[in-house]
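Reading the structure
Chain residues, written in single-letter form:
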Amino acid sequence: GAASPLCSFVHITVNGEDWGLYLAVEGVEQSFLTRNYGADAGNLYKPDSMSFGGGRGNGKDFEPGQTGAQGSSDVKLKYTDDEPDSYQNIFDSAKTDITDSDKSRLIASLKALSEYTELESVLNIDEVLRYFVVHSFVVNGDSYTGSMIHNYYLHEYEGRLSMIPWDYNLAFGAFEGGAQSGVNELIDSPVSGGSLDDRPMVGWIFSDEEYTERYHSLYAEFLERWFGEGKLDTLISQTAELIAPYVLSDPTKFCTAEEFDTAVETLRSFAALRAEAVS
């Protein structure tokens, strides 16, 4: 129920040479904005304090010895002051043309967000809640809620903010801790390498009982939609059946047929146990 990139499995050949199976993912850029938000689409940012965060214009270089973006309040979407220079990791990573008034408007929204005030005016409440429902379920630590605090897009329109997912290749606990610990990660404590107070874009959900209840309600809706009677097995089985021939014929494959089958069953087990744990 939230804006997210389209994707599809693709089998690529170049001049008759088999290059194998890939995942094609829609770029989060102007065409994405138009598709999801129309011609007057607002502004798009990819906050990042590290130069290797994916894409162009992702802020400052990552210095040797740093363990993440722990000192960068702007990538945490925290309000510091009214000076645009205090938010360079956001504004230097803008994916749309922005003006001084755009900067001032975003800073005002971040101030309200950090103070947990006027939230209905500065957040697309439903979209952000839905974003974090899926985000916390799949345990994606390489993200806003993780220690690196990157790999997400921020959308702003008339002062209202929403999150756009990106780069989930290390989901299901693959980034930190592993699947065994990730399967039981608490949905009301989705931040690693920090606290809820340190991440206002998710912390607001738990600042008020009404918002927390709406989050839990959407979680229940998500679980019923995808994990009701037989739905998970059908989804995973159909996907595995679709890609298996391409996986096994891929000249660059890094697994045997047995390892592929094991991976499918491991994913099935993780998703089932995760759904049970958070029900």
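Residues numbered from 1 in each chain as written. Predicted model: local features only at pLDDT ≥ 70, side-chain atom pairs only at ≥ 80, totals over all residues. Heavy atoms only, no water.

Now for the overall build of the chain. Helix and strand counts for the chain stand at ten helices and five strands. Relative to its length of 279 residues, the chain is compact, with a C-alpha radius of gyration of 20 Å against a globular reference of 19 Å. When the backbone C-alpha atoms are referred to their principal axes, the chain occupies close to 55 × 50 × 45 Å. Looking at the chain as a whole, 42% of its 279 residues are labelled buried. Here the contacts in the chain between residues at least 6 apart in sequence split such that 67% fall between residues at least 24 apart. When the accessible area of the chain is evaluated, it comes to approximately 14200 Å², of which 51% is carbon and sulfur surface. On the chain, the mean spot of the 19 positive side-chain charges and the mean spot of the 46 negative ones are 2 Å from each other. (Helix = DSSP H or I, 4+ residues; strand = E, 2+ residues; numbered from the N terminus. Rg over C-alpha atoms; globule rule 2.2 N^0.38 Å. Buried < 20%, exposed > 50% of the residue type's maximum accessible area, 1.4 Å probe, protein only. Contact = heavy atoms within 4.5 Å. Areas by Shrake-Rupley, 256 points an atom, 1.4 Å probe, with all protein chains shown as cover. Lys, Arg positive; Asp, Glu negative; His and termini not counted. Charge placed at Lys NZ, Arg CZ, Asp CG, Glu CD.)

Evaluated as defined, the whole model comprises 14 aromatic pairs. Between Y87 and F91 the ring centres are 6.3 Å apart and the planes differ by 65°, which places this aromatic pair in the edge-to-face class. Note on accessibility: Y87 and F91 belong to one class, buried. Centroid distance W204 to Y211: 5.0 Å. Interplanar angle 80°. Geometry classified as edge-to-face. Overall, W204 belongs to the buried group, its relative accessible area being 0%. The buried category is assigned to Y211, whose relative accessible area is 11%. Among the aromatic residues, those joined into a cluster by ring pairs are F137, F206, Y215, Y219, F222 and F227. The residue whose ring lies beneath K46 is Y153, and the NZ or CZ to ring-centre distance is 5.8 Å. (Phe/Tyr/Trp six-rings, centres within 6.5 Å; stacked < 30°, edge-to-face > 60°. Lys NZ or Arg CZ within 6 Å of the ring centre and 35° of its normal.)

Summarising the element assignment, D74 is placed in the loop between β3 (43-45) and α2 (88-91). Apart from the residues lying within four places of it in its own chain, the contact partners of D74 are S86, Y87, Q88, N89 and I90.

The next point concerns the environment of D167. Secondary-structure assignment places D167 in the loop between β5 (160-165) and α6 (179-182). Separated by 142 residues in sequence, D167 and V25 place their C-alpha atoms 9.6 Å apart. Within polar-contact distance, the side chain of D167 engages the side chain of N151 at 3.2 Å. (Polar contact = N/O pair within 3.5 Å; in protein donor to acceptor, adjacent residues only side chain to side chain.)

Below, the discussion takes up the sheet that holds β5. Read from one edge to the other, the open sheet built from three strands follows the order β3-β4-β5, with strand pairing classed as antiparallel. The strands lining the two open edges of the sheet, one partner per strand, are β3 and β5. On average, adjacent strands in this sheet sit at an angle of 25° to one another, irrespective of strand direction. Taken together, the six bridges between strand β4 (residues 152-157) and β5 define a ladder with antiparallel strand orientation. Of the residues in β5, the one forming a bridge with H155 is S162. In this fold helix α3 (residues 100-115) packs onto β3, β4 and β5, with an angle of close to 65° to the strand it touches most, β3. Here helix α5 (residues 125-137) sits on the sheet and contacts β4 and β5; the angle it forms with β5, its principal contact strand, is near 25°. (Pairing = 2+ DSSP bridges. Axes fitted to C-alpha atoms, helices over the stretch in contact; angles between N-to-C directions.)

So, about unusual backbone geometry. Phi at V139 is positive, roughly 50°, even though this residue is not glycine. In this structure, V139 sits in the loop between α5 and β4. By relative accessible area, V139 is classed as buried at 6%. With a phi angle near 50°, E158 is a residue other than glycine that sits in the positive phi range. With respect to the helices, strands and loops of the structure, E158 is situated in the loop between β4 and β5. Looking at E158, the relative accessible area reads 61%, which means it is exposed.

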